[in-house]
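# A structural walkthrough
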Amino acid sequence: MPYEAGTRIRLTREAQVTAGDSATRGGVPGPLFLAEGLAGTVMGSTTEGGRGQDHLASFDQHVRGHRFDAFAASLIDDLRQNVARLGAFDAGAGARTTYRVRFDNGFVLDGLEEGWLTQA
């Protein structure tokens, strides 16, 4: 059941607060958890495009921060374009909606999937 902005929700499980990415995926895990049952308000949603984007993000993460000569940079750019092109074929497959939620304790988490939420 999709949630619109302004909908009151509750967490269905503990959510670890992370730095550098969304709440339920990668990033640097922090020492804080938000407890199951914590209430909040949906601030917005984003539809992410399935496996292709996940592969592209993983590719970018592996090559980010490295310096390459012109030839290697060209090869890497070609590889990235191929990954993006292959991801376009399954653009609808595995697409998911994630939510940005402001909880009653003041925390705002982005990237919460629908299965982590229930209507309050």
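Residues numbered from 1 in each chain as written. Predicted model: local features only at pLDDT ≥ 70, side-chain atom pairs only at ≥ 80, totals over all residues. Heavy atoms only, no water.

### Concerning the overall build of the chain
The condition that has to hold: Put simply, DSSP marks the helices as runs of H or I at least four residues long and the strands as runs of E at least two long, and each gets a number from the N terminus on. Using a 1.4 Å probe on the protein chains alone, a residue whose accessible area is under 20% of its type maximum counts as buried, one over 50% counts as exposed, and one in between counts as partly exposed. Working rule for contacts: check all heavy atoms of both residues, and any pair within 4.5 Å makes them a contact. Only the protein chains shown count as cover for residues, and the accessible areas themselves come from Shrake-Rupley with a 1.4 Å probe.
Within the chain, the secondary structure is distributed over two helices and seven strands. When its helices and strands are written in sequence order, the chain yields β-β-β-β-α-α-β-β-β. Taking all 120 residues of the chain together, 27% fall into the buried category. Contacts in the chain between residues far apart in sequence, at least 24 positions, make up 68% of those at least 6 positions apart. Accessible surface computed for the chain: about 7,600 Å², of which carbon and sulfur atoms make up 54%.

### So, the environment of A84
With respect to the element layout, A84 can be found in helix α2 (residues 70-89). Residue A84 is classed as partly exposed on the basis of its relative accessible area, which comes to 33%. Counting along the chain gives 25 residues from A84 to F59, while the straight-line C-alpha distance between them is 10.0 Å.

### Here's the deal with the pairing of strand β5 (residues 96-103)
What counts here: By the convention used here, strands pair only if DSSP detects at least 2 bridges between them.
With five bridges joining them, β5 and strand β6 (residues 108-113) adopt antiparallel strand pairing. Across the sheet, residue T98 finds its bridge partner in β6, namely E113. The turn joining β5 and β6, which pair antiparallel and follow one another in sequence, is formed by four residues; a positive phi near 100° is taken by G106.

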